Amino acid sequence: MKSDSPVIRLGLIGLGGATNQMLPTLRSHPDVRIVAAADTHPDARDGFTAACGAPAYAEVEALCRDPRVNTVYVATPHQWHKEHALIAAACGKHIIVEKPMALSLEDCDAMMQAAHRHGVHLLIGHTHSFDAPVRRMREIIRSGELGPLAMINTWSYSNFLMRPRRPEELDTSLGGGIIYNQVPHQVDMVRLLGGGMVHSVRSMTWALEPGRPTEGSHLTFLQFEDGAAASLVFSGYDYFDSDEFHFWVGESGEQKAPDAHGKARAGLRRFADAREEGAFKARAAMAVGLGGAPQPASWHHPHCGVTIVSCAGGDMRPSADGVLVYDRQGRRELQVPRGPAFPDKASVLDEMAQAIRTARAPLHDGAWGMATMEVCAAVLQSARERREIVLRHQVPVRD
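A. Examining the sheet that holds strand E9 (residues 217–224) more closely. The strand order across the open sheet built from nine strands is E14-E13-E12-E11-E7-E10-E9-E8-E15, with neighbouring strands paired in mixed fashion. Only two strands of the sheet have a single neighbouring strand rather than two, namely strand E14 (330–335) and strand E15 (389–390). For strand E13 (residues 322–327) and E14, the ladder comprises six bridges, and the chain directions are antiparallel. Residue pairing across strands places Val 325 opposite Arg 332, the latter belonging to E14. In the packing of helix H6 (residues 132–143) onto the sheet, contacts are made with strand E7 (149–157), strand E11 (306–311), strand E12 (314–318), E13 and E14, and the angle to E12 comes to roughly 160°.

Below is the structure:
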């Protein structure tokens, strides 16, 4: 049951695909009430008002001046994150920004400084480091019950780049491709598991699909300051699907049929050109976003491909419903409770609500988000320059 005075009185900035993914959790979370929205599309605004019974503004500034709003959720295209966060901070609103935090470290720093100057909380999410099984594995690492952490290996093969895309989603300079969209999930998750302090990055990236001139795959090696290491692999070309190795459970936690290979790639043939493809993507995001993601009869934890954590005394990986531990006693599964809505993104809101209640910065604050983006920028730089990149802006996990 929602409180009459919720901790988070939320204004949604952007009514597209990212908001669609969050809506079920937003509507079910006891600390949240959606009180307003802003979007440039009149149809989206009208649909939101009809569905939520709340005002929708054409301008972000008008939303941020609404006295009912105390927190905003920035879910606009990546290149607008900085501008919209600065507007919200200046109006004294707490800020949740979808990943990636921004498209440069300078923009990340400007967002951090604005939040500090105006005394508001800045939280970067959602990434898969919020997933309950990942957080449970962090607890096990920190407890020391499996001994010191040695290595983390995570790999994800999907159809990400072959889904319908707007032109800017295929332009790296505007935040397109996997480096700004999927790699932040992997980096944030690995940094949480490894304690946060990445020392250096060595990477290769590839753009392998004609007509989609942005990075669609990468292979990256991260070295942590304490001697642990991680390897990260992502490929979004719709050939192999790593959910085959994760119980045929999809990224959001939905059960999948094991015959989806190549269907996204084949589906692109229906579009005559990039303009038609982009228009389809925009319409689909707006139409689904107003109603929220459909709720399946049953679901599992979200995940980011296959992740194996190796400590001196055993290995771990997320299962569909918890964490699998492999140690000297054999194999066991630790059940981890899931949230009340699909897809489960409640921990983002839990973290912001706790920050507001306690006046303490959330774990995934601006400094954390900037550190993750530093790693992502280093992936591009390392691949371009064919060398190891040493990092300067990393921050530890505040357990």
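After that view, the rundown keeps rolling.
B. Highlighting the pairing of strand E5 (residues 94–97). Burial of the side chains of E5 extends over both faces: His 94 and Ile 96 are buried on one face and Ile 95 and Val 97 on the other. Two strands pair when backbone bridges link them, and strand E4 (residues 71–74) and E5 are joined in this way by four bridges, in the parallel orientation. Counted as the bridge partner of Val 72 is Ile 95 from E5. In terms of strand pairing, E5 meets strand E6 (residues 122–124) through three bridges, oriented parallel. The residue bridging Ile 95 from the neighbouring strand is Leu 122, located in E6. In this fold, the crossover linking E5 to E6 by way of helix H5 (residues 105–118) has right-handed handedness.

C. Region of interest: the sheet that holds E5. Strands sit in the order E3-E2-E1-E4-E5-E6 across an open sheet of six strands; the sheet is parallel. On the outer flanks of this sheet lie strand E3 (56–57) and E6, each paired with one strand and no other. Of the strand pairs in this sheet, strand E1 (residues 8–13) and strand E2 (residues 32–38) are connected by six bridges, and their pairing is parallel. Along E2, the bridge assignment pairs Leu 12 with Ala 37.

D. Quick peek at the side chain of Glu 169. Positionally, Glu 169 belongs in the loop between E7 and helix H7 (178–181). Judged by relative accessible area, Glu 169 falls into the buried class, the value being 17%. Within polar-contact distance, the side chain of Glu 169 engages the backbone nitrogen of Arg 166 at 2.7 Å. In this structure, Glu 169 is in contact with Pro 164, Gly 176, Gly 177, Thr 214 and Lys 281, ignoring residues within four places of it in sequence.

E. Representation of helix H12 (residues 366–385) within the structure. Helix length check: H12 (20 residues) gives 28 Å between terminal C-alpha atoms against 28 Å at 1.5 Å per residue, within 8%. Backbone nitrogen of Ala 367 and a side-chain oxygen of the N-cap are separated by 3.3 Å at the start of H12; the cap is Asp 365.

F. Quick look at the pattern of salt bridges. Under the criterion given, the structure shown has 19 salt bridges. A salt bridge links Glu 209 to Arg 265, with the nearest nitrogen and oxygen atoms 3.0 Å apart. A residue pair is termed long-range when its members are at least 10 positions apart, and Glu 209 in the loop between strand E8 (198–206) and E9 and Arg 265 in helix H9 (residues 263–267) qualify at 56 residues. The class of Glu 209 is buried, set by a relative accessible area of 19%.

G. Representation of unusual backbone geometry within the structure. The omega torsion across Lys 99 and Pro 100 is -5°, close enough to zero to call that bond cis. Looking at the secondary structure, you find Pro 100 in the loop between E5 and H5. Omega for the peptide link from Gly 125 to His 126 comes to 15°, which places this bond in the cis form. The topology assignment puts His 126 in the loop between E6 and H6. With phi around 65°, Phe 247 is a residue other than glycine that occupies positive phi space. Assignment of secondary structure puts Phe 247 in the loop between strand E10 (229–235) and H9. Look at Phe 247 and you get partly exposed, because its relative accessible area is 36%. At Ala 359, a residue that is not glycine, the phi angle is positive and equals roughly 60°. By secondary structure assignment, the location of Ala 359 is in the loop between helix H11 (346–358) and H12.

H. Examining H5 more closely. An ideal rise of 1.5 Å per residue puts 20 Å on 14 residues; H5 measures up with 20 Å between its terminal C-alpha atoms. Where the residues of H5 are buried, they touch helix H4 (81–90), E5, E6 and H12. Positioned one or two residues after H5, Gly 119 has a phi angle of 70°, which is positive.

The rules behind the values
Residues numbered from 1 in each chain as written. Predicted model: local features only at pLDDT ≥ 70, side-chain atom pairs only at ≥ 80, totals over all residues. Heavy atoms only, no water. Pairing = 2+ DSSP bridges. Helix = DSSP H or I, 4+ residues; strand = E, 2+ residues; numbered from the N terminus. Contact = heavy atoms within 4.5 Å. Axes fitted to C-alpha atoms, helices over the stretch in contact; angles between N-to-C directions. Buried < 20%, exposed > 50% of the residue type's maximum accessible area, 1.4 Å probe, protein only. Right-handed = clockwise from strand over helix to strand, strands pointing away. Polar contact = N/O pair within 3.5 Å; in protein donor to acceptor, adjacent residues only side chain to side chain. Expected span 1.5 Å × (residues − 1). Salt bridge = Lys/Arg side-chain N within 4 Å of Asp/Glu carboxyl O.

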